[in-house]
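# Fold and geometry: a report
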Amino acid sequence: MLAIHNLKEIMNLYTESLIRLAYYYVKDRQVAEDIVQEVFIKIYHHPDKYEERGQLQAYLYKMTANKSKDYLRSWSYKKVQLQNKIFPSTSKMEPDELVRKDEEAIVAEAILELPLKQREVLIYFYFNEMNIKDIASILFIPESTVKTRLRRGKELLKNKLKDIQWEVLLNE
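Notes on the structure in this doc start here. (Residues numbered from 1 in each chain as written. Predicted model: local features only at pLDDT ≥ 70, side-chain atom pairs only at ≥ 80, totals over all residues. Heavy atoms only, no water.)

### Topic: the overall build of the chain
Here is the rule we go by: Secondary structure is summarised from DSSP: a helix means a run of H or I of at least four residues, a strand means a run of E of at least two, and numbering begins at the N terminus for each. Shrake-Rupley sampling with a 1.4 Å probe provides the accessible areas, and residues are treated as covered by the protein chains on show and by no other component.
Across its full length, the chain holds 10 helices and zero strands. Ordered by position in the sequence, the α and β elements of the chain form the string α-α-α-α-α-α-α-α-α-α. Working note: accessible area of the chain is about 11,900 Å², and carbon and sulfur atoms make up 52% of it.

Listed below in structure tokens is the structure:
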């Protein structure tokens, strides 16, 4: 059971990584922040739901992933997607902005374009530094499936990034 003073520590420790995780699912910073807020509210109102059987981090990641997936299935998300298709954004990027983009932003965008199954495994593995066994337990899939999704995700990412000239490599 979690105490309120422990909840503050938990929020300070995990908020940024949970927002990052939710963002990679929903691709919207504000929605990601709302999802993480909902996770913490749920923990606050139902502290007895968490049992000290496993890692708290894995429990929080699983809750955040589930809330993110729920949002992606929700009517409000589908409505926003429909509005974006009907009324596309008119803002255009200036050439200077494209030049100033750093490699991390390019990689992050490429990851966001991957299918959800490969994207979530890559995020857990590289950004959250989780091992294959932990990822399998969070997603409730076999370890071999995690390995396959990881391999396919890397291949897809490599294909998306193959035509980019990396500034770091040009300066060597």
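### Regarding the packing of helix H7 (residues 116-127) against helix H9 (residues 143-161)
Operational definition: In this description, a line fitted to the C-alpha atoms serves as the axis of each element, helices being fitted only across the stretch in contact, and the angle between N-to-C directions of two axes falls anywhere from 0 to 180 degrees. The scheme is simple: roughly parallel for angles under 35 degrees, roughly antiparallel for over 145, roughly perpendicular for 65 to 115, oblique for anything else. The contact definition used throughout considers only heavy atoms, calling two residues in contact when any of these lie within 4.5 Å. Basically, the charged four are Asp, Glu, Lys and Arg, the nonpolar ten are Ala, Val, Leu, Ile, Met, Phe, Trp, Tyr, Cys and Pro, and anything else, Gly included, counts as polar.
Running from amino to carboxyl end, H7 crosses H9 at an angle of 100°, the nearest separation of the two axes being 8 Å. Put simply, H7 runs roughly perpendicular to H9. Listed contacts from H9 to Lys117, Gln118, Glu120, Val121, Leu122, Phe125 and Tyr126 of H7 are Val146, Arg149, Leu150, Arg152, Gly153, Lys154 and Leu156. Grouping the constituent residues of the contact of H7 with H9 by class yields seven nonpolar, two polar and five charged.

### Overview of the packing of aromatic side chains
Counted only if it meets this: Paired rings are identified among Phe, Tyr and Trp, the last through its six-membered ring, by centres lying within 6.5 Å, and are further divided according to the angle between planes into stacked (under 30 degrees), edge-to-face (over 60) and tilted (the rest).
Counted under the stated rule, the structure contains four aromatic pairs. Counting every residue linked through ring pairs, the aromatic cluster contains Tyr23, Tyr24 and Phe127.

### Considering the pattern of salt bridges
The condition is simple: The salt bridge criterion pairs a side-chain nitrogen of Lys or Arg with a carboxyl oxygen of Asp or Glu, the two atoms within 4 Å. Only protein chains enter the accessibility calculation, which uses a 1.4 Å probe. A residue is then buried if its area is under 20% of the maximum for its type, exposed if over 50%, and partly exposed in between.
As enumerated under the stated definition, the model contains seven salt bridges in all. Lysine 69 is paired through a salt bridge with glutamate 120; the nearest N and O atoms lie 3.5 Å apart. A residue pair is termed long-range when its members are at least 10 positions apart, and lysine 69 in helix H3 (residues 56-73) and glutamate 120 in helix H7 qualify at 51 residues. Taking relative accessible area as the criterion, glutamate 120 reaches 5% and is therefore assigned buried.

### Looking at the side chain of threonine 64
Basically, it comes down to this: N or O atoms closer than or at 3.5 Å make up a polar contact, with two conditions inside protein: a donor-capable atom paired with an acceptor-capable one, and, for residues adjacent in sequence, both atoms drawn from side chains.
Inspection of the secondary structure puts threonine 64 in helix H3. In terms of polar contacts, threonine 64 uses its side chain to reach the backbone carbonyl oxygen of leucine 60, at 2.8 Å. When near neighbours in sequence (up to four residues on either side) are disregarded, threonine 64 contacts Leu18, Leu21, Ala22, Ile35, Val36 and Val39.

### Some points on the nonpolar core
A general feature of soluble globular proteins is that nonpolar side chains tend to end up buried together. Definition in use: Buried residues of nine kinds, namely Ala, Val, Leu, Ile, Met, Phe, Trp, Tyr and Cys, make up a nonpolar core once their side-chain atoms join them within 4.5 Å.
If you look at the biggest cluster of nonpolar residues, it comprises 43 residues, and the most contacted ones within it are Val26, Phe40, Leu60 and Tyr124. Looking at this core, the elements that each hand over two or more residues are helix H1 (4-26), helix H2 (29-45), H3, helix H6 (103-112), H7, helix H8 (132-139) and H9. In this view, valine 26 contacts Val31, Ala32, Ile35, Ser68, Tyr71 and Leu72; residues no more than four positions away in its chain are not counted.

### A word on unusual backbone geometry
Even without glycine at this site, glutamate 129 takes up a positive phi of about 50°. Looking at where glutamate 129 falls in the secondary structure, it is placed in the loop between H7 and H8. At phenylalanine 140, a residue that is not glycine, the phi angle is positive and equals roughly 55°. By relative accessible area, which is 68% here, phenylalanine 140 ends up exposed.

### Focus: H2
Each α-helix turn comprises 3.6 residues. Residues three or four places apart therefore point the same way. Definition in use: The length a helix should cover is 1.5 Å for every residue beyond the first.
Under the 1.5 Å per step criterion, the end-to-end length of H2 is 24 Å for 17 residues, consistent within 8% with the ideal 24 Å. Sitting at the head of H2, aspartate 28 places a side-chain oxygen 3.1 Å from the backbone nitrogen of glutamine 30.

### Description of H9
Where we set the bar: Each C-beta atom gives one direction from the helix axis, and the arc is the one those directions make.
Spanning 19 residues, H9 covers 27 Å between terminal C-alpha atoms, matching the ideal 27 Å at 1.5 Å per step. Every buried residue of H9 is listed here: Val146, Arg149, Leu150, Gly153, Leu157 and Leu161. Buried residues in H9, looked at end-on, bunch into an arc of 105°, giving them a common side.

### A closer look at the environment of tyrosine 126
Within the secondary structure, tyrosine 126 sits in helix H7. Overall, tyrosine 126 belongs to the partly exposed group, its relative accessible area being 43%. Contacts of tyrosine 126, omitting those with residues within four sequence positions, involve Leu150 and Lys154. Polar side-chain contacts of tyrosine 126 include one of 3.3 Å to the side chain of lysine 154.

Nothing here speaks to function; it is geometry throughout.
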